[in-house]
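Reading the structure
Residue-level listing of the chains:
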Amino acid sequence: MADALRSPDQPPAPILRSDYRAPDWQVSEIALDFDLDPARTVVRAKLHVTRNGDHDRPLRLDGDGLQPLSVGIDGVAGSNDRWRMDGDALVVDLDGKAHVVETEVAIAPERNTQLMGLYASGGNLCTQCEAEGFRRITFFPDRPDVLARYSVRMTADKARFPVLLANGDPIAHGDLEDGCHWAEWHDPFPKPSYLFALVAGDLVANRATFVTASGREVQLAIWVREKDLAKTDHALDALKTSMAWDERVYGREYDLDVFNIVAVDDFNFGAMENKGLNIFNSRYILADPDTATDHDYDAIAAVVAHEYFHNWSGNRVTCRDWFQLSLKEGFTVFRDQGFSADQGSAAVKRIEDVRSLRAAQFPEDAGPLAHPIRPDSYLEISNFYTATIYNKGAEVVRMLHTILGPQRFRAGTDLYFDRFDGTAATCEDFVASMEEANGVDLAQFRRWYSQAGTPRVTATLEHEPGGGTATLHLAQAVPPTPGQPHKLPMVLPLKLRLFGGNTGRPLGDEQLVLLSDAEATLRFEAVTERPVLSINRGFSAPVIVDTNRTPADLAFLSGHDDDPFARYEAMQQLMLDTLVASVASGRGDHGAVVDAVRETLRNPELDRAFVAEAVLLPSDNFIGDQLPIVDPDAIFRAREALRRDIGRALERDWRQAYEDTRNGAFEYSPEAKGKRRLKTVALGYLAASGAPDIGELAFAQFEQADNMTDRQGALMTLVNGPWDQRVAALDIFYNRYRDNPLVLDKWFSTQALSTRDDTPERVEELAGHRDFTLANPNRARALVGAFGVNQRAFHAADGRGYRFFAQQLIALDRLNPQTAAKMMPPLGRWRRFDPARQQAMRAALEQILASPGLSKDMLEQVSKSLAG
Ligand code: TRP
Ligand code: ZN
């Protein structure tokens, strides 16, 4: 990256949303010609450009690390007086309305460690262009509002690269005399450069056909290396299911004759929605029972659906500029969440989604990197592929769905897709479509796009004993965030319902309250018994709710609320209140939680997956988020003490649950998944109880498992405890799976997440393991990334965790700035800790900042974390 060489006296300038200007030149067509070779690939590009509007500005083509070998203008090569380099950009003086500009460059995919642009993975060649990787391949106006028709010709060694793929439809192919072959692909849909893709490799396909609602036959293929072919059925099924789902739920059909997916082992993100040629991190494609957990299976289906859904929300309608990223990502996450909810238990899916929102997005919104879902500025756009843009963005779309209802929401998306098809749109266009299709006013709702920070709602329910009226006082406040000291009230859709505290009967129907002022008061009539408040049901608004509910109220709701999410939430709140109190006092009163867990566990009407979620304690990190100063050791002690008491008091129930959930041969169904989940949760509580046979029980599960969920579940239990079987299990696991990188990642991450006292040392040791490498993002995330979220180990009082982490990030930044910068946030949370930890964390951040050649990606994350 050229920016790596930037001198410290020229800080890079931020890009501002308010500076948006339409492109000076459009590109109607581009013909690309690749002479593919890992060491030296020659790229020729022929651009048909047209002046956009009345101006005399030159054509400016973005580049990143490219040197032109030749430039031609309107068929004349060597017109060297008409172009110049301005930094990394190629600037061409043109006097007419339309011209043809040709360039030639050479790039070295095998030396591309950033994994942006054209790079090598496992001996194959592939591309990643979002957000600004296309400029590492060829000179081009690399911005999403320049939509061009692409034709691509590839030439490569036939033995090494027998398969040549690009976007759109295959047009022609043939052999050459020197052992090379060529292929041409043409994409009929104009697209922005970030959706360009090609793949060259030794690959085989799992194929199927899909017939769309209007009768178009689509050839589907998932391309992998031969040894992985048997692991692609689940992804292929998920693809077919998603295609049918998008037709049924959104009325959206696929639009090309082929749809290809390629899996690669080295990938910065989850997957990429390139038009007609999705490229995936292999962890979101490959699955069989022996190597993938139920969680992996679910994630594969969700990511396959996500990328497929982008064909409409992202590709047919794309983003005008990168500030609009949530337009495609928030909406598409909302769409994939709906898809997954329809494949199994919607309640469990919602619980999982809220859990990850709280784990990843709430801390972001409360910290130095907080930004609105439509940011106002950035240094490096790669840093904005965040939980806020994706997950909070999805919550904002969900609120529109909740406020409007499913039919009106659908009318809004129909209008949006119709009106903006083939164009580059904005978040504003999306909201305006919802308004116009439904004759509603969303003026105040738009604040969700501009204000950062998680709103806090206070809900106080009052009822005079014997009186017939209850009063609910609601108040909201949005906390200050960097650059936004003062906030205005948001529109908060709050689903709520009252229950009778004596009879357990609902007092009236569920209501949807739109809280749009700072405060509001609601009155409920005919309240004949003490009411208990169920609020933010289904997590209808992404907010934090403080209520005046007693532990008894929460316990009651955890057993009686008719909304499964609210039931889960009441239990979580009860657990959280208990844990926060015991962190403060050093002793806990665990009776209410134990009783509530017992009641849930013994309720035969609840599905096992729900029970498993409901009885899990909030994480160390989430407990820390509730406290003014995080004390990782006190949190860990309080949580372990509660786990032990739940384990001991309910030992017979856990043993019963464990026996009841042992199942026969592996099956991938919601019921079987639920049982496996509860089985491992029960094993964990039995381990916490201190029962003497747990080492044996877990080891037996580990050895006898016919699936990775049970095997990794048992390994996790063993790796957190004192048992001798721990070492044996780790060894067996390693030797059994040493040739499978995705499973080896689990071996690393399970140890990095261990709650044992020696985890910091063990992780340092693992960084020197011969299978550890920072060059593979999955491996780096499995060890270093996982360690960063292990609150107690990462924040070990001697500061060694911080030093180790900083060292690894500095080394990773030299290879792959994007992946390094994405792993940094745990270190940026220094303000939340005691003075000694604050100092050690700041020192680590400053060490990163001072390291020579720091990337723009890391510079942005670290300097905001020190300042904001
Ligand atoms: N658009 C991709 C998705 O969410 C995200 C993505 C894939 C990405 N690869 C990337 C983002 C590399 C940044 C860098 O589906
Ligand atoms: Zn996406």
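Just so you know, these numbers come straight off a predicted model, no measurement behind them.

The rules behind each value
Residue positions are given per chain, counting from 1 as you read along its sequence in written order. Going through the entries in the order they are written, you letter the chains from A and number the ligands from 1. Given that the model is predicted, a residue must reach a pLDDT of at least 70 before its local features are reported, and side-chain atom pairs must reach 80 or more before they are shown or counted; all residues, however, enter totals for whole chains, interfaces and linings. Only hydrogens and water are set aside; all other atoms, that is, all heavy atoms of the structure, feed into the side-chain values. Helix numbering and strand numbering both begin at the N terminus, where a helix is a DSSP run of H or I of at least 4 residues and a strand a DSSP run of E of at least 2. Our radius of gyration looks at C-alpha atoms and nothing else; its globule reference is 2.2 Å times the residue count to the power 0.38. Each residue is assigned to one of three classes by its accessible area relative to the maximum for its type, calculated with a 1.4 Å probe on protein chains only: buried under 20%, partly exposed between the two thresholds, exposed over 50%. Working rule for contacts: check all heavy atoms of both residues, and any pair within 4.5 Å makes them a contact. Only the protein chains shown count as cover for residues, with accessible areas throughout obtained via the Shrake-Rupley method and a probe of 1.4 Å. Nonpolar cores were defined as sets of buried Ala, Val, Leu, Ile, Met, Phe, Trp, Tyr and Cys residues, with membership established by side-chain atoms within 4.5 Å. For this description, a residue counts as near a given molecule or strand if any of its non-hydrogen atoms is within 4 Å of it. Counted as a polar contact is a pair of N or O atoms within 3.5 Å, where, for protein atoms, one must be capable of donating a hydrogen and the other of accepting one, and residues adjacent in sequence contribute only when both atoms are in side chains. Lining residues are those with an atom within 4 Å of a point, where the points come from a 1 Å grid over the protein atoms alone and group into cavities, where a 1.4 Å probe fits but cannot get out, or pockets, open sets with protein on both sides within 12 Å along at least five of seven lines. Grid points are joined across faces, edges and corners, and a volume is the space filled by probe spheres set on the points. When residues are sorted by character, Ala, Val, Leu, Ile, Met, Phe, Trp, Tyr, Cys and Pro go into the nonpolar class, Asp, Glu, Lys and Arg into the charged class, and all the rest, Gly among them, into the polar class. UniProt positions are given in the numbering used here, feature names are shortened, and annotations may be inferred rather than shown by experiment. One requirement defines pairing of two strands: DSSP has to find at least two bridges between them. Axis definition: a line fitted to C-alpha atoms, over the contacting stretch in the case of helices. Angles run 0 to 180 degrees between N-to-C directions. Atoms are scored as donors when they are N, O or S and lie within 2.8 Å of the metal, with 3.2 Å used for Na, K and Ca; no water is included, so coordination may look incomplete. Sites are called tetrahedral only when four donors show all angles between 85 and 135 degrees, square planar or octahedral only when four or six donors show opposite pairs over 155 degrees and all other angles between 65 and 115, and irregular in any remaining case. By the definition adopted for this analysis, an angle is roughly parallel if under 35 degrees, roughly antiparallel if over 145, roughly perpendicular if from 65 to 115, and oblique otherwise. When the near helix sits turned anticlockwise from the far one by under a right angle, the crossing is termed left-handed; a clockwise turn instead gives a right-handed crossing. Only the six-membered ring of Trp is used, alongside the rings of Phe and Tyr, when aromatic pairs are assigned; centres must lie within 6.5 Å, and planes under 30 degrees apart are stacked while those over 60 apart are edge-to-face, with the rest tilted. Take the residue count of a helix, subtract one, and multiply by 1.5 Å to get its expected span.

Looking only at helices and strands, one finds 27 helices and 31 strands in the protein. Computed over its C-alpha atoms, the radius of gyration of the protein comes to 28 Å, within 12% of the 29 Å expected for a compact globule of 868 residues. The dimensions of the protein, computed from C-alpha atoms along their principal axes, are 90 × 65 × 60 Å. With 868 residues in all, the protein has 60% of them scored as buried. Counted over contacts in the protein with a minimum sequence separation of 6, partners at least 24 positions apart contribute 69%. When the accessible surface of the protein is summed, it comes to about 33,200 Å², and 49% of that surface belongs to carbon and sulfur atoms.

The next thing to look at is the nonpolar core. With 160 residues, the main nonpolar core has L32, F34, L36, F196, F445 and L474 as its most contacted residues. Residues within four places of L474 in sequence aside, it is in contact with V457, T458, A459, L494, V513, L515, A518, E519, A520, L522 and I535. Residues L574, L579, L642 and F805 belong to the second largest nonpolar core, which totals 113 residues.

In the vicinity of ligand 1, 15 residues are found, and the nearest of them are E130, A271, E273, E307 and Y390. Take Q128: an N or O atom from its side chain is 3.1 Å from a nitrogen atom of ligand 1. Between E273 and ligand 1, the recorded distance is 2.7 Å, taken from a side-chain N or O atom to a nitrogen atom. Those elements that place two or more of their residues in the shell around ligand 1 are strand 20 (271-272), helix 2 (294-309) and helix 3 (325-343).

Attention shifts here to empty space enclosed by the protein. Applying the stated rule across the entire model yields four cavities of 30 Å³ or more. In this model, the largest cavity occupies a volume close to 90 Å³. Along its surface, the largest cavity is lined by S121, G122, N124, L203, V224, R225, D228, A263, V264, D265, S282 and L286. Residue composition of the lining of the largest cavity, by class: five nonpolar, four polar and three charged.

This part is about the UniProt feature "domain: Peptidase M1 membrane alanine aminopeptidase" (unreviewed entry) in the protein. Within the UniProt annotation, "domain: Peptidase M1 membrane alanine aminopeptidase" (unreviewed entry) is assigned to residues 235-448. Between the end C-alpha atoms of residues 235-448 there is a gap of 34 Å, over a span that is 55% helix and 10% strand.

Here we take up the sheet that holds strand 11 (residues 124-128). Paired through backbone hydrogen bonds, the strands of a sheet run either parallel or antiparallel to each other. Taking strand neighbours across the sheet as the criterion, the four strands line up as 10-11-16-13 in an open arrangement whose pairing is antiparallel. Of all the strands in the sheet, just strand 10 (117-121) and strand 13 (163-166) have a single pairing partner and so form its edges. When the angles between neighbouring strand axes are averaged without regard to direction, this sheet yields 20°. Relative to strand 16 (residues 198-201), strand 13 runs antiparallel, the two sharing four bridges. The partner of V163 across the bridge, within strand 16, is G201.

Before going further, it helps to examine the coordination of the zinc ion (ligand 2). Here the zinc ion (ligand 2) is held by the protein donor atoms H306 (NE2), H310 (NE2), E329 (OE) and E329 (OE), which lie 1.9 to 2.7 Å from it. Classification of the site at the zinc ion (ligand 2) rests on its six donor atoms, whose angles at the metal span 48 to 158°, yielding the label irregular. Every donor residue of the zinc ion (ligand 2) comes from the same chain, spaced as H-x3-H-x18-E. As far as the burial class goes, H306 and H310 line up, both buried.

In this numbering, the UniProt entry assigns the feature "domain: Peptidase M1 alanyl aminopeptidase Ig-like fold" (unreviewed entry) to residues 453-547. From the first C-alpha to the last, residues 453-547 spans 20 Å; its make-up is 0% helix and 53% strand.

Another aspect to go through is the packing of helix 5 (residues 387-404) against helix 6 (residues 406-420). Angle between the axes and distance between the axes are the two parameters that describe a pair of packed helices. Running from amino to carboxyl end, helix 5 crosses helix 6 at an angle of 125°, the nearest separation of the two axes being 6 Å. The angle between the axes of helix 5 and helix 6 places the two elements in the oblique class. The two elements helix 5 and helix 6 meet at a crossing, and its hand is right-handed. Two secondary-structure elements touch here, helix 5 through V397, L400, H401, I403 and L404 and helix 6 through P406, R408 and F409. Split by residue class, the contact of helix 5 with helix 6 holds six nonpolar, one polar and one charged.

Scanning all chains against the criterion turns up 44 aromatic pairs. For the pair F565 and Y568, a centre-to-centre distance of 5.8 Å together with 50° between the ring planes defines the contact as tilted. Taken together, the residues span about one helical turn, with F565 and Y568 both in helix 10 (residues 564-585) at a distance of three residues. Look at F794 and F805: their rings are 4.9 Å apart centre to centre, the planes differ by 70°, and that puts the pair in the edge-to-face class. With F794 in helix 23 (residues 791-794) and F805 in helix 24 (residues 800-815), this pair connects stretches of sequence that are eleven residues apart.

Taking 1.5 Å per residue as the helical rise, helix 27 (residues 856-867) with its twelve residues ought to reach 16 Å, and the 16 Å between its terminal C-alpha atoms agrees with that figure. Of the positions making up helix 27, those classed as buried are K856, D857, M858, L859, E860, Q861, V862, S865 and L866. Where helix 27 is buried, its residues contact strand 23 (377-378), helix 24, helix 25 (817-823) and helix 26 (835-849).

What follows covers helix 20 (residues 741-752). Structurally, the α-helix is built with 3.6 residues per turn, so residues lying three or four positions apart point the same way. Between its terminal C-alpha atoms helix 20 stretches 16 Å, which fits the 16 Å expected from twelve residues at 1.5 Å a residue. The element helix 20 is largely enclosed, with a buried count of eleven among its twelve residues. Turning to helix 20, its buried residues are L742, V743, L744, D745, K746, W747, F748, S749, T750, Q751 and A752. Contacts from the buried residues of helix 20 go to helix 2, helix 18 (708-719), helix 19 (725-737), helix 21 (759-766) and helix 22 (777-788). If you check the start of helix 20, you find a side-chain oxygen 3.0 Å away from the backbone N of L742, and it comes from N740.

Another point: the sheet that holds strand 4 (residues 59-61). Read across the sheet, three strands follow the order 4-8-7 without closing on themselves; strand pairing throughout is antiparallel. Of all the strands in the sheet, just strand 4 and strand 7 (83-86) have a single pairing partner and so form its edges. Averaged over all neighbouring strand pairs, the angle between strand axes comes to 25°, with direction disregarded. The sheet contact formed by strand 7 and strand 8 (residues 89-92) spans four bridges and is antiparallel. Opposite R84, over in strand 8, you have V91 as the bridge partner.

Turning our eyes to something else, we now look at the packing of helix 6 against helix 7 (residues 427-438). Axis separation between helix 6 and helix 7 bottoms out at 8 Å; the angle between their running directions is 120°. One element, helix 6, and the other, helix 7, form an angle in the oblique class. Where helix 6 crosses over helix 7, the handedness of that crossing is right-handed. Counted together, R408, F409, A411, G412, T413, L415, Y416, R419 and F420 of helix 6 and D429, F430, S433, M434, E436, A437 and N438 of helix 7 form the full contact between these two elements. Grouping the amino acids of the contact of helix 6 with helix 7 by side-chain chemistry returns eight nonpolar, four polar and four charged.

Moving on to the side chain of N536. Looking at where N536 falls in the secondary structure, it is placed in the loop between strand 30 (531-535) and strand 31 (544-547). At 2.8 Å, the side chain of N536 and the backbone nitrogen of A541 are in polar contact.

So, about the pairing of strand 26 (residues 470-477). On a regular strand, each side chain points to the face opposite its neighbour's, so the side chains alternate between the two faces of the sheet. Of the strand pairs in this sheet, strand 25 (residues 456-463) and strand 26 are connected by eight bridges, and their pairing is antiparallel. For A459, the partnering residue across the bridge sits in strand 26 and is L474. Here strand 25 folds back onto strand 26 in antiparallel fashion, the turn holding six residues, of which G466 has a positive phi close to 85°. As judged from the six bridges shared by strand 26 and strand 29 (residues 519-524), these two strands associate in the antiparallel manner. Paired with T471 across the bridge in strand 29 is R523.

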